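# Structural characterization, general
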Amino acid sequence: AQSVTQPDIHITVSEGASLELRCNYSYGATPYLFWYVQSPGQGLQLLLKYFSGDTLVQGIKGFEAEFKRSQSSFNLRKPSVHWSDAAEYFCAVGAWSSASKIIFGSGTRLSIRP
Amino acid sequence: DTAVSQTPKYLVTQMGNDKSIKCEQNLGHDTMYWYKQDSKKFLKIMFSYNNKELIINETVPNRFSPKSPDKAHLNLHINSLELGDSAVYFCASSQVVQRDQGEQYFGPGTRLTVT
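Attention in this report is confined to the structure presented alongside it. (Residues numbered from 1 in each chain as written. Chains lettered and ligands numbered in written order. Predicted model: local features only at pLDDT ≥ 70, side-chain atom pairs only at ≥ 80, totals over all residues. Heavy atoms only, no water.)

Moving on, we get to the sheet that holds strand β3 (residues 19–25) of chain B. Residues and elements named next belong to chain B. Taking strand neighbours across the sheet as the criterion, the four strands line up as β1-β3-β8-β7 in an open arrangement whose pairing is antiparallel. Here the strands that pair on one side only, and so sit at the sheet edges, are β1 (4–7) and β7 (64–70). Ignoring strand direction, the axes of neighbouring strands in this sheet form an average angle of 20°. As paired elements, β3 and strand β8 (residues 73–78) share four bridges and run antiparallel to each other. Looking across to β8, one finds that Glu 24 is bridged to His 73. (Pairing = 2+ DSSP bridges. Helix = DSSP H or I, 4+ residues; strand = E, 2+ residues; numbered from the N terminus. Axes fitted to C-alpha atoms, helices over the stretch in contact; angles between N-to-C directions.)

Let us now look at the pairing of strand β5 (residues 43–50) of chain B. All names here are of chain B. β5 sits mainly inside the fold: six of its eight residues count as buried. Pairing geometry for strand β4 (residues 31–37) and β5, over seven bridges, is antiparallel. Opposite Gln 37, over in β5, you have Leu 43 as the bridge partner. In this structure, the hairpin formed by β4 and β5 is closed by a connection of five residues, where Lys 41 is found at a positive phi of approximately 75°. Here β5 runs beside strand β6 (residues 53–57); their pairing, made up of four bridges, is antiparallel. Considered in β6, the bridge of Ser 48 is made with Ile 56. Linking β5 back to β6 in an antiparallel pair, the connection comprises two residues, with Asn 51 at a positive phi of about 50°. (Buried < 20%, exposed > 50% of the residue type's maximum accessible area, 1.4 Å probe, protein only.)

All names here are of chain B. With respect to the element layout, Tyr 89 can be found in strand β9 (residues 87–94). Each C-alpha atom of the pair Tyr 89 and Arg 111 lies 6.4 Å from the other, and the pair is 22 residues apart in sequence. Residue contacts for Tyr 89: discarding those within four places in its chain leaves Gln 6, Ile 21, Trp 34, Tyr 35, Lys 36, Met 46, Phe 64, Leu 76, Gly 109, Thr 110 and Leu 112. Polar side-chain contacts of Tyr 89 include one of 2.6 Å to the backbone oxygen of Asp 85. (Contact = heavy atoms within 4.5 Å. Polar contact = N/O pair within 3.5 Å; in protein donor to acceptor, adjacent residues only side chain to side chain.)

Attention shifts here to the state of the cysteines. Taken as a whole, this structure holds two disulfides over all chains when the rule is applied. Disulfide pairing places Cys 23 of chain A opposite Cys 91 of chain A at an S-S distance of 1.9 Å. Because the torsion about its S-S bond is -65°, the bridge between Cys 23 of chain A and Cys 91 of chain A counts as left-handed. A residue pair is termed long-range when its members are at least 10 positions apart, and Cys 23 of chain A in the loop between β3 (19–21) and β4 (24–26) and Cys 91 of chain A in strand β10 (residues 87–94) qualify at 68 residues. Residue class for Cys 23 of chain A comes out buried when judged on its relative accessible area of 0%. What pairs with Cys 23 of chain B in a disulfide is Cys 91 of chain B, and their sulfur atoms sit 1.8 Å apart. (Disulfide = S-S within 2.5 Å.)

Residues and elements named next belong to chain B. The residue Thr 110 is located in strand β11 (residues 110–114) in this model. A polar contact is formed between the side chain of Thr 110 and the side chain of Gln 6, at a distance of 3.1 Å. Not counting residues up to four positions away in its chain, the partners in contact with Thr 110 are Gln 6, Thr 7, Pro 8, Lys 9, Leu 11, Ile 21, Ala 87, Val 88 and Tyr 89.

With that settled, consider the nonpolar core. Residues and elements named next belong to chain A. By size, the foremost hydrophobic cluster in this structure holds 26 residues, and its most contacted members are Leu 19, Trp 35, Leu 47, Leu 48, Phe 74, Leu 76 and Tyr 89. Listing elements by their share of this core, those giving two or more residues are β2 (10–14), β3, β5 (32–38), β6 (44–50), β8 (64–68), β9 (73–78), β10 and β12 (108–113). By residue number, the principal contributor to this core is β10, which donates four residues. (Core = buried A, V, L, I, M, F, W, Y, C linked by side-chain atoms within 4.5 Å.)

All names here are of chain B. Of the two faces of strand β2 (residues 10–13), the one holding Leu 11 and Thr 13 is buried and the one holding Tyr 10 and Val 12 is not buried anywhere. Note that β2 and β11 share four bridges and pair parallel. When the sheet's bridge partners are listed, Val 12 is paired in β11 with Thr 113.

A separate point is the interface of chain B and chain A. With 25 residues of chain B at the contact, the number on the chain A side is 23 residues. Note on chain B versus chain A: buried area summed over both sides is about 2000 Å², and carbon and sulfur give 55% of it. On the surface where chain B and chain A come into contact, there are one salt bridge. Of the charged contacts in the structure, one is a salt bridge between Glu 103 of chain B and Lys 49 of chain A, with a shortest N-O distance of 2.6 Å. At the boundary of chain B with chain A, the tally comes to three residue pairs in polar contact (both at pLDDT 80 or more). The set of elements that each furnish at least two residues to the side of chain B that touches chain A consists of β4, β5 and β6 of chain B. Each residue belonging to the side of chain B that touches chain A can be placed in one class, and the counts come to eleven nonpolar, seven polar and seven charged. (Buried area = accessible area lost by both parts, 1.4 Å probe. Salt bridge = Lys/Arg side-chain N within 4 Å of Asp/Glu carboxyl O. Nonpolar A, V, L, I, M, F, W, Y, C, P; charged D, E, K, R; others polar.)

Structure representation (structure tokens):
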């Protein structure tokens, strides 16, 4: 069974600074990996996904993530954060099966310092 | 047009009552889900339906009963509500094509408060 860990519960960065949110997964085969963002009081929006191919994935809002099989990681990065990036970020791992099940990490709350 | 919609957005009710949450998607997807997000933001899948057939049923009390009248709708009925049922419930949908696990599109959530 797959699992995902987000080791950072809460991160604060200054506006304009770079960002990296960590995600580690556990799965026996090639996983499907996702990053979702949840703004306060909102549903989840997909930022980017990795299925196969190029290990550096570009997403919306200037985010990117890199799949590193050797480290079982899929960290999310952004070179310069904006105040509007303050939100909860969820990493998720899935596996092909008829059940189409996705397991979410516990989330990382991002705060932006003016 | 809203892709995945849920009603109601807020639901406040007393212990012991029965309530329903409705979900509709207009994306043409064949798979729909219900998730529960607790106060610590932890998201856990509850149910999944593919073409009206139940394919995921996690360890959920049988007070919770999903119903899918067609592949665009997945409703959640909860009997005998308890304080611990207070949470935000998210509906989602996806389209799985062969080995490509489609991303899930989420509704705005229903905040259920049981008093």
